[in-house]
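# A closer look at the structure
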Amino acid sequence: MISFLRGTVAHVGLSSAVIDLNGAGMSVNATPQTLSGLRVGDEGKLFTSLIVREDSLTLFGFASDDEREVFDVLLSVSGVGPRLALAVLAVHEPEAIRVAAHSGDGKAFTKVPGIGPKVAGRIVLELAGKLVPHGTAGAPVASVSAESVWKPQVIAAMTSLGWSEKDAAASIDKSLADSPDLAANGNVAEILRATLRWLGQDGARAGNRVGARG
C-alpha cells in the first residue's frame, strides 16, 4: 500500500495533481481544498489511498491522515464509491463528518452533490459507531444520553423511507413504550425494525377499525 507521496509538485489541476518522485510522475486525485495547498515547483506531501479496480489503479490524496481515514471508512458504506467519498470531503471537514455520523445527522450528507435522503440515511446507519468525533474519543457513553445518539439515526433512516421527521419520532416513541430495554440498548437496526413492525401492526389495527365502522 502507498501510504503517502512526497516529491516536487509538477502539476496542479482542477481535480488532481502530479507529484514528481525522482523522475516518475504520480497522478493523485484530491479535493479542491487539498489541491489549493500545493504549489508547482515546491515540495508537496499527500497521504494516499490506492483504489484497485480490474482495469485501473487510482490514487487519492489527502492533506492529513485524518482525511484519509474518514475517506476509507466512507468507502465501507454500500453504494459509496471513491468519487462520492471524495465529494463528501470536498463539502465537509473530517471532524464535521465524524460529528454528523455520530449524531445521525443525515441532512449534513444531503448537502453533498449526488447524495439524496436515501443514501444519506444509509450512510448514518452504516457509519454508526465507526466514526467518532475526536472530542468524544475515549469519553464514556454515559456522557450523553443514549437516546440522543440513536434516535436521530433512526429518524434519518425513516425519513429516507418516506416518513416525516415528526411522524417518525412519534412512531419511535410509541413503538418503544413497552420496550424500555430496547431503547436503553440503543441498537439502531433493532429499534428501526421494531418501529417499522409496530407501524405495520398499527396500520392493520386502523384498517380493522375502519372495517368495523363500515
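Residues numbered from 1 in each chain as written. Predicted model: local features only at pLDDT ≥ 70, side-chain atom pairs only at ≥ 80, totals over all residues. Heavy atoms only, no water.

## Side note on helix α6 (residues 117–127)
The set of residues buried in α6 consists of Val119, Ala120, Gly121, Ile123, Val124 and Leu127. Within two residues after α6, Gly129 carries a phi angle of roughly 85°, on the positive side. (Buried < 20%, exposed > 50% of the residue type's maximum accessible area, 1.4 Å probe, protein only. Helix = DSSP H or I, 4+ residues; strand = E, 2+ residues; numbered from the N terminus.)

## Description of the UniProt feature "domain: Helix-hairpin-helix DNA-binding motif class" (unreviewed entry) in the chain
UniProt tags residues 72–91 and 107–126 as "domain: Helix-hairpin-helix DNA-binding motif class" (unreviewed entry). Taken as a whole, residues 72–91 contains 65% helix and 0% strand, while its terminal C-alpha atoms sit 16 Å from one another. Taken end to end, residues 107–126 is 70% helix and 0% strand, and its first and last C-alpha atoms sit 15 Å apart. (UniProt positions renumbered as here; feature names shortened; annotations may be inferred.)

## Some remarks on a nonpolar patch on the surface
On the surface, Leu50, Val52 and Leu57 cluster together to form a nonpolar patch covering roughly 280 Å² of accessible area. Its place among the elements puts Val52 in strand β4 (residues 43–53). In this structure Val52 comes out as exposed when scored by relative accessible area, which is 53%. (Patch = residues over 30% accessible without salt bridge, like charges linked within 9 Å, V, L, I, M, F, W, Y side chains within 5 Å. Areas by Shrake-Rupley, 256 points an atom, 1.4 Å probe, with all protein chains shown as cover. Salt bridge = Lys/Arg side-chain N within 4 Å of Asp/Glu carboxyl O.)

## What to know about the pairing of strand β2 (residues 16–21)
As defined by bridge partners, strand β1 (residues 4–12) adjoins β2 across 4 bridges and the pair is classed as antiparallel. Following the sheet pairing, His11 is matched in β2 by Val18. Count of turn residues in the β1/β2 antiparallel hairpin: 3 residues. Here β2 pairs with strand β3 (residues 24–29) via 6 bridges, running antiparallel. The partner of Ala17 across the bridge, within β3, is Val28. (Pairing = 2+ DSSP bridges.)

## What to know about the layout of surface pockets
There is about 210 Å³ of room inside the second largest pocket. Along the walls of the second largest pocket sit 14 residues, with Gly106, Lys107, Ala156, Thr159 and Glu165 positioned nearest its centre. Listed by contribution, the elements that provide at least two residues to the lining of the second largest pocket are α5 (106–110), α6 and α7 (146–160). The element contributing the most residues to the lining of the second largest pocket is α7, with 5 residues. Among the domains, domain 2 (65–127) and domain 3 (146–206) are the pair contributing at least three residues each to the lining of the second largest pocket. (1 Å grid on protein atoms, 1.4 Å probe; cavity = no way out; pocket = protein on both sides within 12 Å on 5 of 7 lines; lining within 4 Å. Points joined across faces, edges and corners; volume = space filled by probe spheres on them. Domains from an automatic or database assignment.)

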